[in-house]
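Examination of the molecular architecture
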Amino acid sequence: MQEQLDDIRRKALDELAQISNVGDLDEWRVNHLGRNGSLTTVLRQVGSLAPDERKEAGANGNKTKTLLETSLEKRTEEITNLVLEEKLKNDRIDVTLPGTPLMQGRMHPTMQTIQEITNAFVAMGFQILEGPEVEWDYYNFEALNIPPGHPARDMWNTFWVDYEDKDGNRPMLLRTHTSPMQVRTMENREPPVRVVIPGRCYRYEATDATHESSFFQIEGLTVGEGITFADLKGTLYEFARRIFGMDRQIRFRCDYFPFVEPGVDMSIDCFNCQGKGCRVCSSTGWIEIMGAGMVHPEVLRRVGYDPEKYTGFAFGMGPERIAMLRHGIEDIRLFYSNDIRFLQQF
Ligand code: FA5
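Below, the structure is looked at part by part. (Residues numbered from 1 in each chain as written. Predicted model: local features only at pLDDT ≥ 70, side-chain atom pairs only at ≥ 80, totals over all residues. Heavy atoms only, no water.)

1. Brief notes about a nonpolar patch on the surface
- Together, Trp136, Tyr138 and Tyr163 line one region of the surface with nonpolar side chains, adding up to about 280 Å² of accessible area.
- Here tyrosine 138 lies in helix H6 (residues 137–140). (Patch = residues over 30% accessible without salt bridge, like charges linked within 9 Å, V, L, I, M, F, W, Y side chains within 5 Å. Areas by Shrake-Rupley, 256 points an atom, 1.4 Å probe, with all protein chains shown as cover. Salt bridge = Lys/Arg side-chain N within 4 Å of Asp/Glu carboxyl O. Helix = DSSP H or I, 4+ residues; strand = E, 2+ residues; numbered from the N terminus.)

2. Quick word on the pairing of strand S8 (residues 260–269)
- Here S8 lies mainly inside the structure; eight of its 10 residues are buried.
- Relative to S8, strand S7 (residues 250–255) runs antiparallel, the two sharing six bridges. Bridge pairing in S8 places phenylalanine 252 opposite methionine 266.
- Linkage of S7 to S8, two consecutive antiparallel strands, is achieved through a turn of four residues.
- Relative to strand S9 (residues 286–295), S8 is paired through eight bridges, and the arrangement is antiparallel. Each residue of the ladder has a partner; that of serine 267, found in S9, is glutamate 288. (Buried < 20%, exposed > 50% of the residue type's maximum accessible area, 1.4 Å probe, protein only. Pairing = 2+ DSSP bridges.)

3. Quick notes on the packing of helix H2 (residues 22–33) against helix H4 (residues 51–90)
- Packing of H2 against H4 brings their axes to within 10 Å, and their N-to-C directions diverge by 175°. Classified by the angle between their axes, H2 and H4 sit roughly antiparallel to one another. Residues Val22, Leu25, Trp28, Arg29, His32 and Leu33 of H2 pack against Lys65, Leu68, Glu69, Leu72, Arg75, Thr76 and Ile79 of H4.
- Per-class residue counts for the contact of H2 with H4 are seven nonpolar, two polar and four charged. (Axes fitted to C-alpha atoms, helices over the stretch in contact; angles between N-to-C directions. Parallel < 35°, antiparallel > 145°, perpendicular 65-115°, else oblique. Contact = heavy atoms within 4.5 Å. Nonpolar A, V, L, I, M, F, W, Y, C, P; charged D, E, K, R; others polar.)

In structure tokens form, the structure reads like this:
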């Protein structure tokens, strides 16, 4: 029996040394240590030996079994390590290589400008509000002294919404300016009012370098007791200095908007040529930046404010036009053409 055990041990260990993958190891285990394996078969004969041989044969058999089992464990570990090493060698990652850079988002230049402008007004005690882009004719026109058929409607080319009331009127539209929020704000609160309202507007425009069919405006409204045109000038002067620099001059000229009286447009002296005249200011020395005026008494009366007691001023500006002036952008259509090369500059 000792000879048989020696043979099995030698053969098994030789085979084991040749094995190089985990699957073959299992086969080896079944062949030698399994229920019908070579060693198990020999050990099964121990019981039939004479009692004086049995003890020694049993001890030798167990020794061989332990040897084969520990050799299997060792070889398994060796092979696992070899496989792992091979895998590491093949799958090696150079962690020092630069990765693929992620595109980093940033704020759109219009939004940056809106934020800077509204911040300037917040610093002067204004609150920021927002309002609906699909608006009733009443708020966009009628409540602002522009009844149906009024020629002032021609100042704002309009996208009407496909909705008719029972009389066949089309009372809904995409708002053409943020001024309807003047009325909505006053309907919902008592004076004093001091708000700025940024938001998107829509006009049926033939687009060109300074006109888009969808653009932003920032509306401003202040109503209280004893507010005068001097407050309008002082506030807008302070705004212009905060946004365009300390040395700016401002100019007001009469303009017509049905919902203010008097109405003005406000210009700043051209920061490019200091008022001398250049391409940026069309050689005038001045750049127009917004419409403004004292809130019309009729608008105040319509929202239930007493125009004998309260006065106020309102203004409306286009942030894209202001961004164009500040950054020297020549065409407003660049803002919304989704050209990442343009947007990445800001
Ligand atoms: C108005 O819309 C008035 N609601 C402004 C106002 C408010 C006056 C309160 C008095 C009191 P206007 O149509 O001029 O005014 O537009 C105001 C600004 O919006 C313009 O100065 C311009 O900067 C911007 N804007 C107007 N139309 C366009 C357009 N098609 N594309 C880009 N910006 C525009």
